[in-house]
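Fold and geometry: a report
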Amino acid sequence: MTIMSLLTNALHAYGRKKALERESIHLLLRAAGFHELPKLSASQSLEVPAAGERVLPEMFTPPQDAAEKQTRVKPLREMPGPSTISNLIEFFYRDGFSRIHEIQLKHTHQYGKIFKSRFGPQLVVSVADKDMVAQVLRAEGRAPQRANMESWKEYRDMRGRATGLISAEGEDWLKMRSALRQRIMRPRDVAVFSDDVNGVVADLIKRIHALRSQDGAGQTVMNVNDLYFKYAMEGVACILYETRLGCLQEEIPKQSLEYIAALHLMFSMFKTTMYAGAIPKWLRPIIPKPWNEFCRSWDGLFKFSQIHVDKKLSEIKSQLAAGKEIKGGLLTQLLVGKEMTLEEIYANMTEMLLAGVDTTSFTLSWSTYLLAKHPHVQQAVYEEVVNNLGHDQVPVAEDITRLPLIRGLVKETLRLFPVLPGNGRVTQQDLVVGGYHIPKGTQLALCHYSTSLDAECFPSSTEFHPARWVRKDSSDHVDNFGSIPFGYGIRSCIGKRIAELEMHLALAQLLQKFRIEESPYTKTVTAKTHGLLTPAAPINVRFVDRQ
Amino acid sequence: LRAEDKVTVHFVNRDGEKITVQGNTGDSLLDVVIDKNLDFDGFGACEGTLACSTCHLIFEKDVYKQLGPITDEEMDMLDLAYGLTDTSRLGCQICLSKSLDGMTVKVPESVSDVRQSVDVGTTTS
C-alpha cells in the first residue's frame, strides 16, 4: 500500500496522467462490477459532498412548478466534496478501498447527497439521494455506459478475445444484451430452471449435514460463505453450461478446482487488479506483477468457460451428425443460434459466471447471519414457508409468490448489505441533477449503500425487518429507488432473476430443514469492501434439524 | 387472422393525442406499440423482460379491474415507474383479449418530458 501510494504521488508529481486515480476508479468498477450494473463502487465512495445543501427535488416536480422554483443551475465547480489530497490519503494511505461503503456514508453526511471527488484527472460525481438516482437512471439512453473498461478490453484484445456484457459498450453491448435478455431475464423463462437449481439445493443440504458433523454435537458449519460460494458456482453453472461441476462433492473435480483458484486469484488481487489498470503501461516492466496476475486470472477464467462451451459444442455436433433433434438450454440455444459468435459466447459465459458466484454467495451468507442473529424474524419466515409447503414439499419458482417473506428476506438482506455498494454511470447527455449542471461524459457514482441505509428512505433503516417489503395488497406501492441492488433499466443485472431463484429456493429449503442458530463460534461480523461488499470475517452458524 | 381476433386500442400519447390501432388477441400492449411503430419515446426499453418500467401505461378504472393478475416482479418494477397511478400497469404484461376491445390507455408523461421543459428554462451554466 505504502509503495503504491508513493507511486501514486510520484505519478502525480510527474504529471504522468493516465491518472492513477481515474484508473483506480475504473478498476474498482471493473472489479466491483461483477454485476451487470455499473460498477462504480469505488468511485462512489470517493467523493464527498458539500455540507448539507439540499438541492433538488425540483427535477421531480411537474414542469410548471419546476420552472417557478428553479432559481439557478449551479456549475460543477460549486459542488462540494473532499479535496484530492484528502481522498488520496483516505484511499491509498488509510486503505480506504476496504471501507468504500463507510467512506460513502461519511462523505454523504459531510458534504450532502451530491458531491464531487477528484482522483487525479478523473472527476467523480457521487449521487446519494434516491430521487437523484432515479433521475439519472430514468434518463438513460439505449446503451448506458458504466465506466471506463480499458484494462478489461486490453486483456481481451491482447488474447484475441471478445468482450462480454460487463466489458462491452455501445452497439456491441446492445447486441449481446438483446440476445441474452430474451433468455434469462423474464421470470417465466427463468422459472423453468427450478428443477435444475433444486438439484443443487439438495446437494447443498447434504453438504451441510456433512460439514456440521465435523463439529460433533455442536453442529456448527464454519465459514458458511465457502459453502455458499460452491452452491452459487454450481447453481449458475448448471444454468449457464447445462452441466454440473461437482463443487459440492467431497472431492471437487480438478477442472473446477482450477477455476475456483482463478476466481480466488481474481478476487484476492482485487487491489492488485486495480493497480494493474492504474499503472501506466510504461511502468509495467518495472512493476510487472499486477498486470501479470490480472492476465493470469483472466486466462484461468476464460479457459474454464471455453472447456465447457467446447464440450457442449461437440455434443451438439455429434447429435447433429446422428440426425438427432437438438434440444437444450441456454448454452445450446446460443450455440445453435446465430446472434453471437463463438468468441462472444466464451466471453459472456466467462463474465456471467464471474458475476454470478460471489454476489450470490455473499448475499446468502448475510441472510444466514441475519437469520441466526434474529430468531424471531427467522421464526416468522419459517412459519410462512411451512404453512405453505410443509417440511418436505420442494418449492419451485411459482411457490415463491406465496412466500412474500422469503422475497422480503432477500430484499432486506441486500438493502443492509448491498453486494455492490455503489454503481457507475457515464452521463451520455448534459443533465441537471440536484441543482447542478452535469456535463455529458461525467463519471457518476450512484451511492446505493448510502440510500439503502437512509432513514428517509427506510424507517428504522439499520434494523433487519424483511416484513417491510411485504405488500398489503397489489395497490401497495413504495418508491423504492433507495434500494436497487440489481440496478434498474436496460443495463441492470442480467442475472437478477437467476440469482433470485437460486436464493429463494435455497433459503426456503434451508428453513424447512434447519433452524439456523448462533453457536459459540458465531462472532459479530461487519462488512468490508473488497470490490464487493463482503463479510469481514467468517460467518459460523449452527444448522439444527427442524424435525 | 379473422376480424374477431382483432382488438381495438386507443392510445393517448404524451401530447394528449388519441391514436387508434388494432392488435391481435394474445399480443401484449408492448407488442402492439412496436408492431404499429407508435412513437412513444423510450417506451419498452428492456423489450418486455421486466427490467425497467418504461412501458408503464395508465388504464381506465373499469378496464384496470379486468386486467389479469399482477405478479410480484411487475409490482416491483411499477414501484420504480415515473408518475405511478392507482390504475398503472406495465404494457408488456397486459395481453389483449376481446373483453378489452375499445379500451383507452394513456401513456404517462415521461421523465424526459419534464427534463426538457426544465432545461428550456434553466440551462444557464
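These figures come from a predicted structure and were not determined experimentally.

Concerning the sheet that holds strand β4 (residues 88-90) of chain B
All names here are of chain B. As summarised here, the arrangement of the five strands in space is β2-β1-β5-β3-β4, forming an open sheet in which the pairing is mixed. Looking along the sheet, the strands with just one partner apiece sit at the ends: β2 (18-24) and β4. For this sheet the average axis-to-axis angle between neighbouring strands, irrespective of direction, equals 40°. With three bridges connecting them, strand β3 (residues 56-59) and β4 associate as antiparallel partners. Across the sheet, I58 pairs through a bridge with S88, a residue of β4.

Concerning the confidence of the model for chain B
All names here are of chain B. Summarising the model, chain B shows a mean pLDDT of 88, and 86% of its residues fall at 70 or more. Contacts of residues 117-125 to residues separated by more than four positions or lying in other chains number eleven contacts, the stretch itself having pLDDT below 50. Note on the complex model: pTM 0.87, ipTM 0.89.

Here's the deal with the UniProt feature "binding site: heme" (unreviewed entry) in chain A
Residues and elements named next belong to chain A. UniProt tags C493 as "binding site: heme" (unreviewed entry). Here C493 shows up in the loop between α21 (448-452) and α22 (496-513). On the basis of relative accessible area, C493 is assigned to the buried category, the value being 5%.

Section: the nonpolar core
Counting 177 residues, the largest nonpolar core has M349(A), I438(A), F543(A), F11(B), L29(B) and F59(B) as the members making the most contacts within it. A total of 16 residues in this core trace back to one element, the largest contributor, which is helix α17 (residues 342-373) of chain A. Sequence-distant contacts of F543(A), that is, excluding residues within four places in its chain, are made with I208(A), R212(A), Q219(A), V221(A), V224(A), Y228(A), T368(A), L510(A), F514(A), R515(A) and I516(A).

With respect to the packing of aromatic side chains
All names here are of chain A. In total, this model carries 16 aromatic pairs over all chains according to the counting rule given. Each ring, one from Y111 and one from F115, has its centre 6.5 Å from the other, and the planes form 35°; the classification is tilted. Assessed through its relative accessible area of 0%, F115 is described here as buried. Feature note: the residues W152, Y155, W291, F294, W298 and F302 constitute an aromatic cluster, connected by ring pairs.

Quick look at the pattern of salt bridges
Tallied over the full model, the rule gives 43 salt bridges over all chains. Of the charged contacts, one joins K312(A) and E242(A) as a salt bridge, the two residues approaching to 3.7 Å between their closest N and O atoms. Here the residue K312(A) occupies a position in helix α15 (residues 289-321), and E242(A) occupies one in the loop between α12 (224-240) and α13 (254-268), the gap between them amounting to 70 residues. For K312(A), a relative accessible area of 11% translates into the label buried. The class for E242(A) is partly exposed, based on a relative accessible area of 26%. In this structure, E74(B) and R89(B) form a salt bridge, with 2.7 Å as the shortest nitrogen-oxygen distance. On the criterion of sequence distance, the pair formed by E74(B) in helix α3 (residues 72-78) and R89(B) in strand β4 is long-range, its members being 15 residues apart. Within the structure, one salt-bridge network assembled from shared partners comprises R407(A), K411(A), R471(A), D72(B), E73(B), D76(B) and D79(B).

Parameters and conventions
- Residues numbered from 1 in each chain as written.
- Chains lettered and ligands numbered in written order.
- Predicted model: local features only at pLDDT ≥ 70, side-chain atom pairs only at ≥ 80, totals over all residues.
- Heavy atoms only, no water.
- Pairing = 2+ DSSP bridges.
- Helix = DSSP H or I, 4+ residues; strand = E, 2+ residues; numbered from the N terminus.
- Axes fitted to C-alpha atoms, helices over the stretch in contact; angles between N-to-C directions.
- pLDDT = per-residue confidence, 0-100.
- Contact = heavy atoms within 4.5 Å.
- UniProt positions renumbered as here; feature names shortened; annotations may be inferred.
- Buried < 20%, exposed > 50% of the residue type's maximum accessible area, 1.4 Å probe, protein only.
- Core = buried A, V, L, I, M, F, W, Y, C linked by side-chain atoms within 4.5 Å.
- Phe/Tyr/Trp six-rings, centres within 6.5 Å; stacked < 30°, edge-to-face > 60°.
- Salt bridge = Lys/Arg side-chain N within 4 Å of Asp/Glu carboxyl O.

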